[in-house]
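The lines below spell out each chain.
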Amino acid sequence: MNDALTPMMQQYRRLRASIPADTLLLFRLGDFYELFFEDAKEASVLLNVALTKRNGVPMCGVPYHAAQTYIAKLIKAGRRVAVCDQTSEPQPGKIVSRDITQIISAGTVSDLDLLEAKRANYLGAVYAADGLFGFAYADLTTGEFRLTQLQDRQALLDELARVSPSELLVSDEQKTQFKDIAHALGSDSYAFLPEQAVFTLCEHFKTKSLDGFGCMHMPQAVAAAGAIVHYLKHSLRRKIDHFISLRCDAPGDYVLLDAATQTNLELVKSRNSREASLLAVLDRTVTPMGGRKLRAWILQPLRNLTELERRQQMIADLLQEPDLLASIRTELKSIRDIERAAGRLSQASGNARDLVALKSSLQRIPKLKAELQKLLDRLAFGVDRVREGEKGESLAQRLQHEIQEMPALAEKLAKALVDDPPLALKEGGIFRDGYYTDLDELHQASRDGKNWISHLQEREIAATGIKSLKVRYNSVFGYFIEVTKSNLANVPAHYTRKQTTVGGERFVTPELKEMEAKILGANERARQLEYQLFQKVRDETLRELGSIQQTAAPIATLDVICSLAETARLFRYCHPQLNDSLRLIIKDGRHPVLDQNLVEEKFVPNDTSLDGENLRLAIVTGPNMAGKSTYIRQVALIVLMAQIGSFVPAESAEIGLVDRIFTRVGANDDLARGQSTFMVEMNETSNIVNNATERSLVILDEIGRGTSTFDGLSIAWSVAEFLHDKIKARTLFATHYHELTKLAEERGGVCNFNVAVREWNDQIIFLRKIVPGGADKSYGIQVARLAGLPKEILDRAKEILAHLEKPDGAIEAPAAAKPQRKKKATSAPAKPQLDLL
Ligand SMILES: Nc1ncnc2c1ncn2[C@@H]1O[C@H](COP(=O)(O)OP(=O)(O)OP(=O)(O)O)[C@@H](O)[C@H]1O
Ligand SMILES: [Mg+2]
């Protein structure tokens, strides 16, 4: 069979075999990238291009100049793409040499079009051993590299939901174990072996051991981290010099938010497409780095009181000096994404524009620091001085120290680069005049030559007497002299004819060709020289990579703090008091999202008062649509905001720090994973009762709804008892099971609340106010009327309700109804439920 293969196909086969089977190979053929065999069948569908056949080989292709768009489509479809380019000039009778020049995957793209500016793009890896799960993740665009170890599969899933890697490596041997995890791709098992991983990492970081990173006792996590480095360096052939350190995440430092809670509270993404997530209403960051950090903070709130108070203090200080808040934000606006610029440069995918972005940002840093200094100076005069002295360095001081100026680099770049260089690196146009003598001389030579040519026309007209003689240029012939037909007789003998056109003829002279060669030679050498200079300047810049990364981080933090301060200023948030108690006291709290987004009515604020002792479980009842869900979520969001250091939408708040926030909210089908509504509900509930502690905050929205009334009520009842008696977590429980209000009579820490409504002429008016006591009715029928259910149905429903509420619970069939209905409808009477419990 091999004999029949053309040399090109042999080349294809060899290259195809050198990359993983699940990677699509784009093979450069002339002006196209072609895909063959199975790759072609798959890509033609994904890209919507025609599948053809040549010599029985299925193939499809895309034009090379539009390749980026097609590659982007394949990446978005979750595929990895290898690009094979021609590495020699075509020569007659010889096959062009080709090699794989890039392998691109979702977790490793550096193309800006495929990236979201305000969102990190992570490549992750997991490794399971001895019942523990190691997880590592890296953002190739910035060099962030972290690892953590998790106790069980659920914790891993929660962490994966938070980080949401675009690509996840799993050891080939463990593929089946992780097959249901999104974006999981098998990878060389060998790279995950703990000893191998330690070796890979030590080699990369040029260290003897990993002790300095504090991850000695996390072999699974180290295995995952090692696999990431191996994959990037060896499978994808990437440069990762900008991975300069490895950070261990200790779960105990953060408020754990399980996957369900991240979605239920709509932290970074809202369920409906409207911009209604917590992130969307809080984000007033002005740099991409700040945007990414705010997102990370929201998904990973802190438990460290001192650090939280530092953040709060800085927000408070900025609110006291609104003019400085405004001027610092203005300065921040001119700082570009230096983190990603540095990342691209160190992967050799950066260009001169990245250097210019870096330069212009570095030039603004002194001004930024000057504004921050003004804040520090003003505070130094204020009453805060004593308090700050006690607590050590304030956040503002720390940021001021950490943001570095790098004036030498800024000046070097400013001297070297033009303000608006091209994207291309080999076309010249990058460096300023006067930066490099040799380059100036080449430019001068080129200019002199062009000058000489531009005067040639005059000289030749004078010499030949041909008034219409023209010196022109095109890309095929270069420079030439054009003479019209009527003047051909006067053409001197030393002109060499090159081409006849409709109107005349084109000539060259030896001196013209000589000058042209000089110009072209100078241009070519200038282009080469510029490319070399670019590489040199890039390398010099990268020597400061560490400083650039260390400056990007505090700038991002400053941006987030200013953004939180700005939001607090605009919406009059209060400074919550944080402590180690189990209290949760909020006066006039508002839902941060509805507070900003409600248009028709004004948001009605509500109080919360749990003390962890006499009141730790609040049962919230009330009619449909009254505002129960809104209220309990608002409490969770306020606590979460407080634990990222933010101010909160309330008049005042005292919050005893929480260790985890759990939510069980609404019907959340997971049909894709074969789980029914009820099953999802019970999974979430069991996660809560198994993992919540006294320090947790639990939000339960109608558990037990997905099953029969009896079963549901019984489960809800016993879960509430368990949370109150055993776990003692602060809990808010919204429910339509009014029977649950009885719990308050038996248990000291349970209290009833309801959302007040007023009834008026059979209509219901929502007051949105939380008041003590249980509700007695659900007003479901009135609410159904608001939704436009036909009158006939509503009337009949009222009739049925009236019967159900009678002691014997019997329903009489209306005249038209069939007798057997009667039996069915009586099967779930309301009253006996109370007797049962
Ligand atoms: N405090 C408030 N101020 C103003 N509007 C509110 C307030 N609380 C809720 N709302 C409005 O009422 C709507 C319904 O609230 P919510 O979903 O919380 O009701 P619910 O009591 O949970 O209803 P159900 O029992 O049907 O689940 C919200 O979408 C919001 O528009
Ligand atoms: Mg609700």
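Details of the structure are given in the entry above.
Residues numbered from 1 in each chain as written. Chains lettered and ligands numbered in written order. Predicted model: local features only at pLDDT ≥ 70, side-chain atom pairs only at ≥ 80, totals over all residues. Heavy atoms only, no water.

### Quick look at the pairing of strand E1 (residues 23–29)
Summarising burial for E1: six of the seven residues are buried, a large majority. Where E1 and strand E5 (residues 80–86) come together, five bridges link them in parallel fashion. Bridge pairing links Thr23 to Arg80 in E5. Summarising the sheet, E1 and strand E2 (residues 32–36) pair through three bridges and their orientation is antiparallel. Residue pairing for E2: Arg28 is matched across the bridge by Tyr33. (Buried < 20%, exposed > 50% of the residue type's maximum accessible area, 1.4 Å probe, protein only. Helix = DSSP H or I, 4+ residues; strand = E, 2+ residues; numbered from the N terminus. Pairing = 2+ DSSP bridges.)

### Here we look at the nonpolar core
If you look at the biggest cluster of nonpolar residues, it comprises 115 residues, and the most contacted ones within it are Leu282, Leu558 and Ile661. Broken down by element, the residue count for this core peaks at twelve residues, all from helix H20 (residues 545–571). Not counting the four nearest positions on each side in its chain, Ile661 is found in contact with Val255, Leu256, Leu257, Asp258, Thr261, Leu265, Ala636, Val639, Leu640 and Leu697. (Core = buried A, V, L, I, M, F, W, Y, C linked by side-chain atoms within 4.5 Å. Contact = heavy atoms within 4.5 Å.)

### A closer look at empty space enclosed by the protein
Using the criterion set out here, one finds one cavity of 30 Å³ or more in the structure. Within this model, the largest cavity holds a volume of roughly 30 Å³. In this structure, the largest cavity is lined by Phe477, Tyr479, Phe480, Lys498, Arg506, Val508 and Lys513. Of the residues contributing to the lining of the largest cavity, the split by class is four nonpolar, no polar and three charged. (1 Å grid on protein atoms, 1.4 Å probe; cavity = no way out; pocket = protein on both sides within 12 Å on 5 of 7 lines; lining within 4 Å. Points joined across faces, edges and corners; volume = space filled by probe spheres on them. Nonpolar A, V, L, I, M, F, W, Y, C, P; charged D, E, K, R; others polar.)

### Details of the site of ligand 1
Lining the immediate surroundings of ligand 1 are 17 residues, of which Met625, Lys628, Ser629, Thr630 and His736 lie closest. Here an oxygen atom of ligand 1 sits 3.2 Å away from a polar atom, N or O, in the side chain of Asn624. Within the side chain of Thr630, a nitrogen or oxygen atom sits 2.5 Å from an oxygen atom of ligand 1. For ligand 1, the protein covers 80% of the area, taking 630 Å² as the surface of the free molecule. (Near = heavy atom within 4 Å. Polar contact = N/O pair within 3.5 Å; in protein donor to acceptor, adjacent residues only side chain to side chain. Areas by Shrake-Rupley, 256 points an atom, 1.4 Å probe, with all protein chains shown as cover.)

### Considering H20
With 27 residues, H20 should cover 39 Å at 1.5 Å per step; its first-to-last C-alpha distance of 39 Å lies within 8% of that length. Buried residues dominate H20, accounting for 21 of its 27 residues. Looking one or two places after H20, you find Arg572, whose phi comes out positive at around 50°. (Expected span 1.5 Å × (residues − 1).)

### Observations concerning the packing of helix H16 (residues 395–402) against H20
The interhelical angle for the contact between H16 and H20, taken along N-to-C directions, is 145°, at an axis separation of 9 Å. Remark: the crossing between H16 and H20 carries left-handed chirality. On H20, the residues that touch Leu395, Leu399 and Glu402 of H16 are Gln550, Thr551, Pro554, Thr557, Leu558 and Ile561. Among the residues forming the contact of H16 with H20, the class breakdown is five nonpolar, three polar and one charged. (Axes fitted to C-alpha atoms, helices over the stretch in contact; angles between N-to-C directions. Left-handed = near helix turned anticlockwise from the far one by under 90°.)

### Remarks on helix H27 (residues 791–804)
For H27, with 14 residues, the first-to-last C-alpha span of 20 Å sits near the 20 Å given by 1.5 Å per residue. Along its buried surface, H27 packs onto helix H26 (780–786).

### Brief notes about unusual backbone geometry
At Asp130, a residue that is not glycine, the phi angle is positive and equals roughly 50°. Classification of Asp130 by relative accessible area gives exposed; the value is 77%. Look at Glu702: it is not a glycine, yet its phi comes out positive at around 55°. You can see Glu702 is positioned in the loop between strand E24 (697–701) and helix H24 (709–727).

### Remarks on the pattern of salt bridges
In total, this model carries 48 salt bridges according to the counting rule given. One salt bridge in this structure joins Arg378 and Asp323, with 3.0 Å as the shortest N-O distance. Residue Arg378 is located in helix H14 (residues 352–381), and its partner Asp323 is located in helix H12 (residues 322–333); the two are separated by 55 residues in the primary sequence. Judged by relative accessible area, which is 34%, Arg378 ranks as partly exposed. Between Lys513 and Glu516 there is a salt bridge; the shortest N-O distance is 3.1 Å. Linking Lys513 with Glu516, this pair stays in helix H19 (residues 510–542), spanning three residues, or about one helical turn. (Salt bridge = Lys/Arg side-chain N within 4 Å of Asp/Glu carboxyl O.)

### What about the packing of aromatic side chains?
How two aromatic rings sit relative to each other is given by the distance of their centres and the angle of their planes. One pass over the full model with this rule turns up 14 aromatic pairs. Measuring from ring centre to ring centre gives 5.0 Å for Tyr122 and Tyr137, while their planes differ by 85°; the resulting arrangement is edge-to-face. Of this pair, Tyr122 sits in the loop between strand E6 (98–104) and strand E7 (123–129) while Tyr137 sits in strand E8 (residues 132–139), placing them 15 residues apart in sequence. Judged by centre distance (5.3 Å) and plane angle (50°), the rings of Phe145 and Phe243 are tilted. Note that Phe145 is positioned in strand E9 (residues 144–150) and Phe243 in the loop between helix H7 (219–235) and strand E12 (247–248), a separation of 98 residues in sequence. Using a relative accessible area of 3% as the deciding quantity, one classes Phe145 as buried. Ring pairing ties together the aromatic residues Tyr12, Phe27, Phe36 and Phe37, which thus form one cluster. Arg311 extends its terminal NZ or CZ atom over the ring of Trp297, reaching a point 3.5 Å from the ring centre. (Phe/Tyr/Trp six-rings, centres within 6.5 Å; stacked < 30°, edge-to-face > 60°. Lys NZ or Arg CZ within 6 Å of the ring centre and 35° of its normal.)

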